[in-house]
Amino acid sequence: MTVSPHTAAPKAPAPRFLLDAEQRAFAESLGAMLAAAGIPDVIRDWSRGERAAGRALWSRIAAAGVFALAVPEAYEGGLGPRPVELAVAFVELGRYAVPGPLVETVAAAAALRAPGPAGRFLPDLASGESMATLAREGGYALDGDAATARLVLAVDGLRLAPGHGPVRASLDPARRLTRLLPGGELLDPDPSADRALLWARLATAAQALGVGLALLERTVGYVRQRVQFGVPIGSFQAVKHRLADAKIALEFARPLVLGAAVTMAPADVAAAKVSACEAAYATARTALQLHGAIGYTAEYDLSLWLTKARALRTAWGDPDACRTEVLRDRA
């Protein structure tokens, strides 16, 4: 096609990211399994330190291949690294608010790069025989009391912690925080800390997106049923506007998360985490306002998603840290 000096050149079509049939089927299959798992009861048991149901669910998630997506094919059971499929899975895990060190197990798999430790730990992480937690030295580890592999990014490298301290309360009761004990076996003097952070942020972003989508869906259902002045409150313009804003924010975050999974560029992943976590947090605030007083009660299932949205917002890099990463890349 020839373009004359007086003819505007055609604009290139905007890039679109669409999941293929296999990826959509994977999401649907995982979602169906989680929907039938009675997860609110599993979450409440996990919050009390009762782990039998949570470990059984963990095994089913592993059998679906979720953790294997973060383990290289060179190791037994590994299917990856496949960040796009992992992001797809974590959206579903967030949608159902699955408890446990999900992100941390992925981060641990990313940090284990030396052949010896990788061969020792990765097959069990892929199969679900082991669950890992990972923290920087001096920081809090998620579910250190439940994890079978407690890894620490220490000053001198990646260490296997010899134990953990007391469990501390968290914004999200299902996120049980502990300090890992110092010392322990040195696994790798030069671990892939940056890679671990990258994968952790991607998984957290996808998980937050799923949490936000679940909150929106539950709130839309609630406002259709709750009646004031003789009509459902969902018919009020102000309510529609709040829900529309939440949906727009979540739909804007979705391609950022999937696009970041394609590039795995640190700035793209940081931008996806900011977008998804802020969208989920804003949706949580909208959900709480529209549910009213019942939204504050721990007995009401909505609270399981509300607290998770708040906790994920600062996990593996708060909004300021992620924005700084994006700006550093653009400078």
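Relevant structure appears above.
Residues numbered from 1 in each chain as written. Predicted model: local features only at pLDDT ≥ 70, side-chain atom pairs only at ≥ 80, totals over all residues. Heavy atoms only, no water.

Chemist: Mind laying out the overall build of the protein chain, listing which residues take part and the relevant values?
Modeler: Within the protein chain one finds eleven helices and eight strands. Radius of gyration (C-alpha) of the protein chain: 21 Å, near the 20 Å computed for a compact globule of 331 residues. Buried residues in the protein chain amount to 51% of all 331 residues. Residue pairs at least 24 apart in sequence account for 70% of intrachain contacts in the protein chain once pairs closer than 6 positions are excluded. Counting only carbon and sulfur atoms, one obtains 56% of the accessible surface of the protein chain, whose full area is about 15400 Å². (Helix = DSSP H or I, 4+ residues; strand = E, 2+ residues; numbered from the N terminus. Rg over C-alpha atoms; globule rule 2.2 N^0.38 Å. Buried < 20%, exposed > 50% of the residue type's maximum accessible area, 1.4 Å probe, protein only. Contact = heavy atoms within 4.5 Å. Areas by Shrake-Rupley, 256 points an atom, 1.4 Å probe, with all protein chains shown as cover.)

Chemist: Tell me about the packing of aromatic side chains, and name the residues and values.
Modeler: Scanning the model with the defined rule gives one aromatic pair in all. Both rings, one in Trp58 and one in Phe67, keep their centres 4.6 Å apart while their planes meet at 25°; by these two values the pair is stacked. Judged by relative accessible area, which is 3%, Trp58 ranks as buried. Note that Arg179 overlies the ring of Tyr140, its terminal NZ or CZ placed 3.9 Å from the centroid. If you follow Arg218 out to its NZ or CZ, it ends over the ring of Trp305, 4.1 Å from the centre. (Phe/Tyr/Trp six-rings, centres within 6.5 Å; stacked < 30°, edge-to-face > 60°. Lys NZ or Arg CZ within 6 Å of the ring centre and 35° of its normal.)

Chemist: Quick one: what's the story with the pattern of salt bridges, residue by residue and with numbers?
Modeler: According to the stated counting rule, one finds 17 salt bridges in the structure shown. Here Arg44 makes a salt bridge to Asp301, at a shortest N to O gap of 2.9 Å. Here Arg44, found in helix α2 (residues 39-47), pairs with Asp301, found in the loop between α9 (266-291) and α10 (302-314); they are 257 residues apart in sequence, far enough to count as distant. Arg44 gets classed as partly exposed once you look at its relative accessible area, which sits at 22%. Close ionic contact of Arg323 with Glu278 constitutes a salt bridge, the shortest N to O distance being 3.6 Å. Placement of the pair is Arg323 in helix α11 (residues 319-330) and Glu278 in helix α9, with a sequence separation of 45 residues. Here Glu278 falls in the partly exposed class, since its relative accessible area comes to 22%. Taken together, the shared-partner salt bridges in this structure form one network comprising Glu278, Arg313, Asp320 and Arg323. (Salt bridge = Lys/Arg side-chain N within 4 Å of Asp/Glu carboxyl O.)

Chemist: I'd love a proper account of the nonpolar core, names of residues and values included.
Modeler: Ranked by size, the top nonpolar core spans 97 residues in total, and within it Leu34, Leu57, Ile61, Val66, Phe90 and Leu215 carry the most contacts. Of all the elements, helix α7 (residues 193-225) adds the most residues to this core, at 16 residues. Beyond its immediate sequence surroundings of up to four residues, Val66 is in contact with Phe26, Leu30, Ile61, Leu86, Ala89, Phe90 and Leu93. (Core = buried A, V, L, I, M, F, W, Y, C linked by side-chain atoms within 4.5 Å.)

Chemist: I'd love a proper account of unusual backbone geometry, names of residues and values included.
Modeler: Across the chain, the bulk of peptide bonds are trans and the bulk of non-glycine residues have phi less than zero. Residue Pro81 is bonded to the preceding Gly80 through a cis peptide linkage, with omega at 5°. Examined against the element boundaries, Pro81 turns out to sit in the loop between α3 (52-63) and α4 (83-95). Positive phi values are uncommon outside glycine, yet Asp143 reaches one of about 55°. Inspection of the secondary structure assignment puts Asp143 in the loop between β2 (140-142) and β3 (149-154).

Chemist: So what about the sheet that holds strand β6 (residues 185-188)? Which residues, and what values?
Modeler: The four strands are arranged β1-β3-β4-β6 in an open sheet whose pairing can be described as mixed. Where the open sheet ends on each side, the last strands, each with one partner, are β1 (132-136) and β6. Averaged over all pairs of adjacent strands, the angle between strand axes in this sheet comes to 30°, irrespective of strand direction. In the packing of helix α5 (residues 102-111) onto the sheet, contacts are made with β1, β3 and β4 (157-160), and the angle to β1 comes to roughly 75°. Strands β1, β3, β4 and β6 of the sheet are contacted by helix α6 (residues 115-127), whose axis makes an angle of about 90° with β6. (Pairing = 2+ DSSP bridges. Axes fitted to C-alpha atoms, helices over the stretch in contact; angles between N-to-C directions.)

Chemist: Can you explain the state of the cysteines? Please cite residues and give values.
Modeler: Applying the stated rule across the entire model yields zero disulfides. For Cys277, which is in no disulfide, the shortest distance to another cysteine sulfur is to Cys322 and amounts to 7.4 Å. By relative accessible area, Cys277 is classed as buried at 2%. Taking relative accessible area as the criterion, Cys322 reaches 1% and is therefore assigned buried. (Disulfide = S-S within 2.5 Å.)

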